[in-house]
Structure formats: structure tokens, C-alpha cells
Amino acid sequence: MTTVEATVVGGITDQDLLDRIISEETGRPGALLGILQRLQDVSRDKYLPMDTLAYVAQRTGIPQSQVFSVASFYALFNLDPQGEHIVAICRGTACHTRGSRPLLERVKLQLGLRDTEADGGNADKVSLTTPDLKFTVRTVACFGQCALAPVVEVDHAIRGHVSEQGLIREVEQLRKGGAR
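Right, let's walk through the structure included here. Please read these numbers as outputs of a predicted model, since none were measured by experiment. (Residues numbered from 1 in each chain as written. Predicted model: local features only at pLDDT ≥ 70, side-chain atom pairs only at ≥ 80, totals over all residues. Heavy atoms only, no water.)

### Here we look at the overall build of the protein chain
Working step 1: Within the protein chain, the secondary structure is distributed over eight helices and five strands.
Working step 2: Looking at the protein chain residue by residue over its 180 residues, the buried ones come to 42%.
Working step 3: Restricting the contact set of the protein chain to residue pairs at least 6 apart, pairs at least 24 apart contribute 60%.
Working step 4: Carbon and sulfur atoms provide 51% of the accessible area of the protein chain, an area that totals close to 9,700 Å². (Helix = DSSP H or I, 4+ residues; strand = E, 2+ residues; numbered from the N terminus. Buried < 20%, exposed > 50% of the residue type's maximum accessible area, 1.4 Å probe, protein only. Contact = heavy atoms within 4.5 Å. Areas by Shrake-Rupley, 256 points an atom, 1.4 Å probe, with all protein chains shown as cover.)

Given below as C-alpha cells:
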């Protein structure tokens, strides 16, 4: 087993699964997208580690720079570990004018998250994960649900007309392990 293969096992946890996904998708239109999406789906922390991207490049013959470019271009791919619960807040115009920024600031405060200097506190493009990997808070450009503004997605469920109090309650329930 090469160093890349040994490391990838740690990132995805199952070498045979990795190889099977790559072989099943290879030759299909958009194969690289399919490979990356499926690998992210099976990753414990819902992301694509750099060693996994290197392994995909090695196995498919696609240059590593191209694999990384695709993974970093599409917003659906994560290059950092994600939390167990994902809170995505829309920053589109309708949501912004109806209060999505205070929602973002409130949930970040509730979870003890701070923007890094690298992103300059830019609320239009945020992706922050709690140290315990329990929550990831991110922003998205638009959910296409403008009539429901402000819109928040919590664990793949779209919520419309979200209030600060409602979002605080929902996050607290998730923190305590309760149902939403």
C-alpha cells in the first residue's frame, strides 16, 4: 500500500469502498463530480481530505491540480471537516433585507464561533465549524426561496420566515440531542 493509499484509508475509512466508487463512476459523463460527491457522502466528517483528492487523481489519471480545482470550485464540496449539524443561512438580497445577517450573527454567538482574519469577517461567505464538530454554520448565496425570506436550512430542511428566537430554539434542541 502506498503512503497515499494508507492515508486515504484514514480519511474515508474504507479503501475498498473508495476503489469501488472510483471504478463505478469512471467512464460516466461528469465522472469526477460523481466520484467526489459520493466520496464526500461516505466521509465521516462530510468533506474531501487533501489525501483523498490526491488518491482520486492517482487512480483516475486526472491531474491533481484539476481534481483540486473542481473540488474547490463547487460549493457543494467541503475541503474541511463539517459538523454533525449544518446550519446554512441565505445571504441573498431578499434574505439580507429581511434580516439574515442578524440570524447569522446570533447563531455564531450562540455557538461561540468567530470569523477568522483570513475571511475578514465577510458575512457573505462564511463556513465555521465548532471545535467538537457538532455544528457547521455557513452562508449560501441563495436558496431560491425568496418569498420565504429570511431562509435557513438546518440539516437539509428549509425553514422560511425564520426569527432569531426560532433559530436559537432549534439550535438548542440539536445541542441537547433532541428532535427538531
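### Quick notes on the pairing of strand β3 (residues 135-140)
Working step 1: Of all the six residues making up β3, five are buried; the element is thus mostly covered by neighbouring parts of the structure.
Working step 2: Sheet topology places strand β1 (residues 85-90) next to β3; six bridges connect them, and they run parallel. Directly across from V87, in β3, lies its bridge partner V137.
Working step 3: Relative to β3, strand β2 (residues 127-129) runs antiparallel, the two being bridged by three bridges. Across the sheet, T129 pairs through a bridge with T136, a residue of β3.
Working step 4: The loop that links β2 with its antiparallel partner β3 comprises five residues; one of these, L133, has a positive phi angle of about 60°. (Pairing = 2+ DSSP bridges.)

### Here we look at the pairing of β1
Working step 1: Burial runs high along β1: six of the six residues are buried.
Working step 2: By the alternation rule, side chains of β1 split into H85, V87 and I89 and I86, A88 and C90, which are all buried.
Working step 3: Taken together, the three bridges between β1 and strand β4 (residues 152-154) define a ladder with antiparallel strand orientation. Bridge pairing links I89 to V152 in β4.

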